[in-house]
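Residue-level structural notes
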Amino acid sequence: MKYPIHFFVNDEAMDLEVEANKTMLNVLRDQLCMTGTKEGCGAGECGACTVIVDGKPINACLVLAPEMDGMHITTIEGIAKDGELSPLQKAFVSHSALQCGFCTPGFVMSGTALLMENPHPTRPEIIRAISGNLCRCTGYIRIIEAIEEVANQYKGGE
Amino acid sequence: MKAFDYLRPTSLEEAIAMRIKYGDKAVILNGGTDRVIQLRERLIAPDYVIDIKHIPDLNEIKFSKQEGLVIGACVNMNTIGENPDVIKFYPYLAEAALSVGSKQVRNRATCAGNIINASPLCDTGTPLYVADAKIGMVGQNGYREVPITEFITFVRRTVLQPDEIVTCIKVPYYEGSKGIFTKIARRKEVDLSTICGTVLKRGDEYKLAFGAVAPTPVRLKKTEELLKGKKLDEAIIEEAAALAQTEVSPISDVRASKQYRLDVVAVIVRRSLKQMMEEG
């Protein structure tokens, strides 16, 4: 049986028919061909599938497709605006905060969600906020530094 | 995942009717952080999945000194851990809620789900055990409340009946009670408890509960009896730590050995009581 759902992805309204035994991750990747969101563990351990729903980061692999009805979803494809990378994406590039890149969309989403909630997080807050994302090649230092750079921007009312 | 029908009731009556109609062919879906994995791994293969998140009453969290804390079944862990009343009056529960999984998981996972799963190591179990929390549920015969210590009966077993749905968790308020939650895990974040425990001081009484040391979370009644009305000193704390070890029955598993768990139970009792002694 197919379920009609209405939702927003990156501010664009969508009407789709989905199967109940698929996840949000399957819908994004296979039905919408938005393959920036990755599947790592499929069990909520690695954070590669992190998306932002109604302002909060969640694992797209743990949401059933029909549950997407009514959600406002932001994926990695919606972070750059008008062809320009976001400040956090630029910081990831300038800090070389990636190696193979598979975990990067998830880290950018967790970092973006953190900065939306708390524009000037401390280093411990940054570390805690990305603890649900695993990187198996670069390590975390450069990722933390990239987020920290953006956190330190715009301070003092600039 | 096997194919199933997705059902989305918008009232408790509707949800209970579905429970009765489909019986053991249906499962409840709440935050989904365990359920979706069970479906994907085919540990369960229901014909119907009943998503209860669109039932309005289940999404509320409220506090008053008369009624205590009432956590709706669909309230997620971050909402609990960041709630000002929970932080002020039940800080040990806030800490436990924020120790579950990752930020992403906590934005979906619920306290009710954590309890209904009835894992021996559920992180929010021991704070609720020491606080004498009750589980509220509704079925075809109406509403009932069961103390959490009686709700969980064994590993992954509860008294919840096939027609029932947990609606809330009620945590009574006691003036001036103070609790300490401790979680020991292999890594600081995003891990299951190797052992968890909560020690609560209420008036001249102490309440102790531990997780991952028995088939269910357990209250240490003998240790509580020993400490009742006593002024804390080094000797009584040592006696309590030793007695606590006799009230648990841990096993060795992938996370730790039986002996490690026994040792750490004593450590948690000792550290928590010492902190309470020092803070008066």
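Residues numbered from 1 in each chain as written. Chains lettered and ligands numbered in written order. Predicted model: local features only at pLDDT ≥ 70, side-chain atom pairs only at ≥ 80, totals over all residues. Heavy atoms only, no water.

Quick notes on the overall build of chain A
- For chain A, the count of helices and strands is 5 helices and 5 strands.
- Starting at the N terminus and walking to the C terminus, you meet the elements of chain A as β-β-α-β-β-β-α-α-α-α.
- The C-alpha radius of gyration of chain A comes to 16 Å, within 12% of the 15 Å expected for a compact globule of 158 residues.
- Overall, the C-alpha framework of chain A stretches about 50 × 35 × 25 Å when taken along its three principal axes.
- Out of the 158 residues in chain A, the part that is buried amounts to 53%.
- Of the contacts formed within chain A by residues at least 6 apart in sequence, a portion of 57% connects residues at least 24 apart.
- Counting only carbon and sulfur atoms, one obtains 53% of the accessible surface of chain A, whose full area is about 7,200 Å².
- Once the 12 positive and 20 negative side-chain charges of chain A are each reduced to a mean point, those two points are 7 Å apart. (Helix = DSSP H or I, 4+ residues; strand = E, 2+ residues; numbered from the N terminus. Rg over C-alpha atoms; globule rule 2.2 N^0.38 Å. Buried < 20%, exposed > 50% of the residue type's maximum accessible area, 1.4 Å probe, protein only. Contact = heavy atoms within 4.5 Å. Areas by Shrake-Rupley, 256 points an atom, 1.4 Å probe, with all protein chains shown as cover. Lys, Arg positive; Asp, Glu negative; His and termini not counted. Charge placed at Lys NZ, Arg CZ, Asp CG, Glu CD.)

Notes on the pairing of strand β2 (residues 26-29) of chain B
All names here are of chain B.
- Alternating positions in β2 separate into two faces, Ala26 and Ile28 on one and Val27 and Leu29 on the other, with burial throughout.
- Across 4 bridges, β2 lies against strand β3 (residues 48-51) in parallel orientation. Residue pairing in the sheet places Ala26 in a bridge with Tyr48 of β3. (Pairing = 2+ DSSP bridges.)

Considering the pattern of salt bridges
- For the structure on display, the rule yields 27 salt bridges over all chains.
- Glu41(B) is the salt-bridge partner of Arg40(B), the closest N and O atoms lying 3.0 Å from each other.
- Given the relative accessible area of 44%, Glu41(B) is considered partly exposed.
- Between Lys207(B) and Glu205(B) there is a salt bridge whose closest N-O contact spans 2.7 Å.
- Note on Lys207(B): relative accessible area 9%, which makes it buried.
- According to the relative accessible area criterion, Glu205(B) is partly exposed, its value standing at 25%.
- By sharing partners, the salt bridges in this structure join Glu67(A), Asp51(B), Lys53(B) and Arg108(B) into a single network. (Salt bridge = Lys/Arg side-chain N within 4 Å of Asp/Glu carboxyl O.)

Focus on the packing of helix α2 (residues 87-94) of chain A against helix α5 (residues 141-152) of chain A
Residue and element names in this part refer to chain A.
- Following both chains from N to C, one finds α2 and α5 inclined at 135°, their axes separated by 8 Å at the closest point. With respect to α5, the axis of α2 lies oblique. As for the relative orientation of α2 and α5, their crossing is right-handed in sense. Across the interface between the two elements, Pro87, Leu88, Ala91, Phe92 and Ser94 of α2 pack against Ile143, Ala146, Ile147, Glu149 and Val150 of α5.
- Its residues placed into classes, the contact of α2 with α5 shows 8 nonpolar, 1 polar and 1 charged. (Axes fitted to C-alpha atoms, helices over the stretch in contact; angles between N-to-C directions. Parallel < 35°, antiparallel > 145°, perpendicular 65-115°, else oblique. Left-handed = near helix turned anticlockwise from the far one by under 90°. Nonpolar A, V, L, I, M, F, W, Y, C, P; charged D, E, K, R; others polar.)

Overview of the side chain of Asn59(A)
- Along the chain, Asn59(A) falls in strand β4 (residues 56-59).
- Given the relative accessible area of 2%, Asn59(A) is considered buried.
- For Asn59(A), the residues in contact, after removing those within four places along its chain, are Gly44(A), Gly47(A), Cys49(A), Thr50(A), Ser102(B), Gln104(B) and Val105(B).

A short note on the pairing of strand β6 (residues 134-139) of chain B
All names here are of chain B.
- β6 sits mainly inside the fold: 5 of its 6 residues count as buried.
- As paired strands, β6 and strand β7 (residues 142-147) are joined by 6 bridges and run antiparallel to one another. Each bridged residue has a counterpart across the sheet, and for Met137 the counterpart in β7 is Arg144.
- A loop of 2 residues connects β6 with β7, the two strands running antiparallel in sequence.
- Pairing analysis gives 5 bridges linking β6 to strand β10 (residues 165-171), with the strands arranged antiparallel. Across the sheet, the residue bridging to Val138 is Ile165, located in β10.

Re the packing of α2(A) against helix α3 (residues 104-117) of chain A
Residue and element names in this part refer to chain A.
- Contact geometry for α2 and α3: axes closest at 10 Å, N-to-C directions at 130°. For the element pair α2 / α3, the angle class is oblique. The way α2 lies across α3 gives a crossing that is right-handed. Contacts from Leu88, Gln89 and Phe92 of α2 reach α3 at Thr104, Phe107, Val108, Gly111, Thr112 and Leu115.
- In terms of residue class, the contact of α2 with α3 is made up of 5 nonpolar, 4 polar and no charged.

Focus on α2(A)
All names here are of chain A.
- Within α2 the residues assigned to the buried category are Leu88, Gln89, Ala91 and Phe92. Across the axial projection of α2, the buried residues extend over an arc of 160°, all falling on one side. The exposed residues of α2 that point more than 90 degrees off its buried face are Val93 and Ser94.
- Contact partners of the buried residues in α2: α3 and α5. (Arc of directions from axis to C-beta.)

Remarks on the interface of chain B and chain A
- With 30 residues of chain B at the interface, the matching set in chain A holds 32 residues.
- The largest contributions to the chain B side of the interface with chain A come from Tyr6(B), Gln104(B) and Arg108(B), which together make up 26% of the buried area.
- Put simply, chain B and chain A have 6 salt bridges between them.
- When the shortest N-O distance is used, the salt bridge between Glu67(A) and Arg108(B) registers 2.8 Å.
- If you look at where chain B meets chain A, you find 14 residue pairs in polar contact (both at pLDDT 80 or more).
- Looking at the side of chain B that touches chain A, the elements that each hand over two or more residues are β1 (5-7), α2 (35-40), β3 and α6 (103-106) of chain B.
- Residue composition of the side of chain B that touches chain A, grouped by class: 12 nonpolar, 7 polar and 11 charged. (Buried area = accessible area lost by both parts, 1.4 Å probe. Polar contact = N/O pair within 3.5 Å; in protein donor to acceptor, adjacent residues only side chain to side chain.)

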